[in-house]
Amino acid sequence: MRVPATLIAELRKALRVAVLTGAGISAESGLATFRDKLSGLWEKYSPMQFATPAAFAADPELVWGWYEWRRMRASAAEPNAGHQALAKLQQRLAVSVVTQNVDDLHERAGATQVIHLHGSIHAPRCEDCSRPHAATAPPLEPEAGRRVAPPRCASCGGRVRPGVVWFGEALPAEQWQQAEDAVRQCQVFLSIGTSGVVEPAASLARYARRRGAVTAQINTEDTGLGAAFDHDLRGSASELLPALLAAL
Ligand code: OAD
């Protein structure tokens, strides 16, 4: 699919652009989305079931093992052409990158000031005192997964938890504020590789539209939300973002 000339024209005119990314932009770097089926030790579960405080409380070793496996995958993954094109777009235009992803592939592609709405898989912290837990080298986990006991906090002895936002938890206030500011100020809003169903991140697209921004989504699938965007681009982020950059 080609990038519509009208969208390119809007981007050229824009003083500020806001981008919201989701798991789809990292899919071509080999990181599973939240819709992909789990296998091995976790095959009976869905990623959604693990992303809750209740799941961690009920079986910390099962859930921590999954996050360690994901940390291993995220550490080994490389940014793809989609991440790279977005970083280059930041050099051409004033682009705020807001992501729901807990990997650091935007940063490793060269993007700056990435706003992480759902935390980072590389920043575990104490469940009790919230102190950051010193980062350890990426783990070597078996592909089929294993149970791993969460480490203990060096300060208070509390249990260490993943530094990500789980369902039912509030988003980090500062990042949310930055995301709202970015959207309020933008003339073009791009939603890339997200199913657009998890709130409040999903509300940013609606907010952008209400504020009069031109909105576009890039997704390989029909999200069912196409009518909520001015441009509904079907295709992969790793193809459409370089195409968009080349057309600017
Ligand atoms: P999802 O897994 O819900 O959606 C990923 C989207 O990316 C889907 O709509 C796919 O069709 C699309 N997609 C897949 N490959 C793509 C590609 N190469 N190019 C473009 N699009 C592609 O992921 P998110 O929307 O990020 O939250 O999920 C939002 C949040 O729900 C996550 O941050 C996580 C999850 O539960 C928490 O853990 C709190």
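Residues numbered from 1 in each chain as written. Predicted model: local features only at pLDDT ≥ 70, side-chain atom pairs only at ≥ 80, totals over all residues. Heavy atoms only, no water.

Quick notes on the overall build of the chain
Part 1 of the reasoning: Scanning the chain from terminus to terminus reveals 10 helices and eight strands.
Part 2 of the reasoning: Considered along the principal axes of its C-alpha atoms, the chain spans approximately 55 × 35 × 30 Å.
Part 3 of the reasoning: Split into buried and exposed, the 248 residues of the chain put 51% on the buried side.
Part 4 of the reasoning: Pairs at least 24 residues apart make up 70% of the contacts formed inside the chain by residues separated by at least 6 positions.
Part 5 of the reasoning: Working note: accessible area of the chain is about 11,600 Å², and carbon and sulfur atoms make up 52% of it. (Helix = DSSP H or I, 4+ residues; strand = E, 2+ residues; numbered from the N terminus. Buried < 20%, exposed > 50% of the residue type's maximum accessible area, 1.4 Å probe, protein only. Contact = heavy atoms within 4.5 Å. Areas by Shrake-Rupley, 256 points an atom, 1.4 Å probe, with all protein chains shown as cover.)

Comments concerning the packing of aromatic side chains
Part 1 of the reasoning: Throughout the structure, instances matching the rule amount to six aromatic pairs.
Part 2 of the reasoning: Centre to centre, the rings of Trp42 and Trp69 are 5.3 Å apart; their planes meet at 50°, and the pair counts as tilted. Linking Trp42 in the loop between helix H2 (23–27) and helix H3 (47–50) with Trp69 in helix H5 (residues 60–76), this pair joins segments that are 27 residues apart in sequence.
Part 3 of the reasoning: For Trp69, a relative accessible area of 13% translates into the label buried.
Part 4 of the reasoning: Each ring, one from Trp66 and one from Tyr67, has its centre 4.9 Å from the other, and the planes form 75°; the classification is edge-to-face.
Part 5 of the reasoning: Residue classification places Trp66 among the buried residues on the basis of a relative accessible area of 2%.
Part 6 of the reasoning: Given the relative accessible area of 4%, Tyr67 is considered buried.
Part 7 of the reasoning: Taken together, the ring pairs connect Tyr45, Phe50, Phe56, Trp66, Tyr67 and Trp166 into an aromatic cluster. (Phe/Tyr/Trp six-rings, centres within 6.5 Å; stacked < 30°, edge-to-face > 60°.)

Let's talk about unusual backbone geometry
Part 1 of the reasoning: A cis amide bond, omega 5°, links Glu199 with the succeeding residue Pro200.
Part 2 of the reasoning: With respect to the helices and strands, the residue Pro200 is situated in the loop between strand S6 (188–192) and helix H9 (203–210).
Part 3 of the reasoning: One non-glycine residue, Gln113, adopts positive backbone phi at about 50°.
Part 4 of the reasoning: Turning to its location among the elements, Gln113 is positioned in the loop between helix H7 (105–108) and strand S3 (115–116).
Part 5 of the reasoning: A positive phi angle, close to 70°, is found at Ser130, a residue other than glycine.

Examining the sheet that holds strand S1 (residues 17–21)
Part 1 of the reasoning: The strand order across the open sheet built from six strands is S3-S2-S1-S6-S7-S8, with neighbouring strands paired in parallel fashion. Two strands bound the open sheet, and with one partner strand each, they are S3 and strand S8 (231–234).
Part 2 of the reasoning: Relative to the sheet, helix H1 (residues 5–13) contacts S1, S6, strand S7 (214–219) and S8, its axis offset from that of S6 by approximately 125°. (Pairing = 2+ DSSP bridges. Axes fitted to C-alpha atoms, helices over the stretch in contact; angles between N-to-C directions.)

Focus: the pairing of S1
Part 1 of the reasoning: The element S1 is largely enclosed, with a buried count of five among its five residues.
Part 2 of the reasoning: The two faces of S1 match: Val17, Val19 and Thr21 on one face and Ala18 and Leu20 on the other face are all buried.
Part 3 of the reasoning: Pairing between S1 and strand S2 (residues 95–99): five bridges, direction parallel. Its bridge partner being in S2, Ala18 is matched across the sheet by Ser96.
Part 4 of the reasoning: Relative to S6, S1 is paired through five bridges, and the arrangement is parallel. Counterpart to Val19 in the pairing with S6 is Leu190.

Quick word on the site of the ligand
Part 1 of the reasoning: Surrounding the ligand, one finds 24 residues, the nearest of these being Arg35, His118, Thr194, Ser195 and Asn219.
Part 2 of the reasoning: Contact between the ligand and Ala23: an oxygen atom at 2.8 Å from a main-chain N or O atom of the residue.
Part 3 of the reasoning: Take Thr194: an N or O atom from its side chain is 2.6 Å from an oxygen atom of the ligand.
Part 4 of the reasoning: Among the elements that make up the shell around the ligand, the one with the highest residue count is H2 (three residues).
Part 5 of the reasoning: Residue composition of the shell around the ligand, by class: nine nonpolar, 12 polar and three charged. (Near = heavy atom within 4 Å. Polar contact = N/O pair within 3.5 Å; in protein donor to acceptor, adjacent residues only side chain to side chain. Nonpolar A, V, L, I, M, F, W, Y, C, P; charged D, E, K, R; others polar.)

In short, geometric facts, not functional conclusions.
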